[in-house]
Structure formats: structure tokens, C-alpha cells
Amino acid sequence: MGRKIKPLTNGNWVLEHIEGLPTLEDSDERNRWLYQSSLTFTTVHDEIKFLDSLS
């Protein structure tokens, strides 16, 4: 668990500072925006947070 914390913290910081990124509530629009941008790591970051919440 300890090794996941730093990347998730850094990823959260990046997501909070991306201008124009739709909110999580608008997931279809957010996914479309992320797919069309060069920030594909953020899609993976969202999924890692989701999977981590299941454990």
C-alpha cells in the first residue's frame, strides 16, 4: 500500500491543476476529453483510485 500513496498523491495534484478538465460527475465527457488530450495517464489514475476503493 505504501508505494501507491506517492503516485496517487502526485496524480491528484496534476488532476486538480488541469484547466478545462470536466468533473468526475460528468464521466462520459471527462473520458472523451481525456481521450482526446495527451494526458492519458489521468484515465489510468482515475481507474486505479476506483479499484483501490473496492479493496
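Here the structure is a predicted model, which means the values were calculated and not measured. (Residues numbered from 1 in each chain as written. Predicted model: local features only at pLDDT ≥ 70, side-chain atom pairs only at ≥ 80, totals over all residues. Heavy atoms only, no water.)

Q: Run through the overall build of the chain, naming residues and quoting values.
A: Within the chain, the secondary structure is distributed over 3 helices and 0 strands. In sequence order, the chain lays out its α and β elements as α-α-α. In the chain, which comprises 55 residues, the proportion classed as buried is 20%. Carbon together with sulfur atoms contributes 57% to the accessible area of the chain, which is approximately 4,400 Å² in total. (Helix = DSSP H or I, 4+ residues; strand = E, 2+ residues; numbered from the N terminus. Buried < 20%, exposed > 50% of the residue type's maximum accessible area, 1.4 Å probe, protein only. Areas by Shrake-Rupley, 256 points an atom, 1.4 Å probe, with all protein chains shown as cover.)

Q: Residues and numbers for the pattern of salt bridges, please.
A: Throughout the structure, instances matching the rule amount to 1 salt bridge. In this structure, Arg32 and Glu29 form a salt bridge, with 2.6 Å as the shortest nitrogen-oxygen distance. You can see Arg32 and its partner Glu29 sitting in helix H2 (residues 27-36), 3 residues apart, about one turn around the helix. Overall, Glu29 belongs to the partly exposed group, its relative accessible area being 33%. (Salt bridge = Lys/Arg side-chain N within 4 Å of Asp/Glu carboxyl O.)

Q: Please provide a residue-by-residue account of a nonpolar patch on the surface, values included.
A: Nonpolar side chains collect at one region of the surface, where Phe50, Leu51 and Leu54 lie side by side and expose about 340 Å² of accessible area between them. Classification of Phe50 as partly exposed rests on a relative accessible area of 46%. (Patch = residues over 30% accessible without salt bridge, like charges linked within 9 Å, V, L, I, M, F, W, Y side chains within 5 Å.)

Honestly, that's just the spatial picture; any functional story needs more than this.
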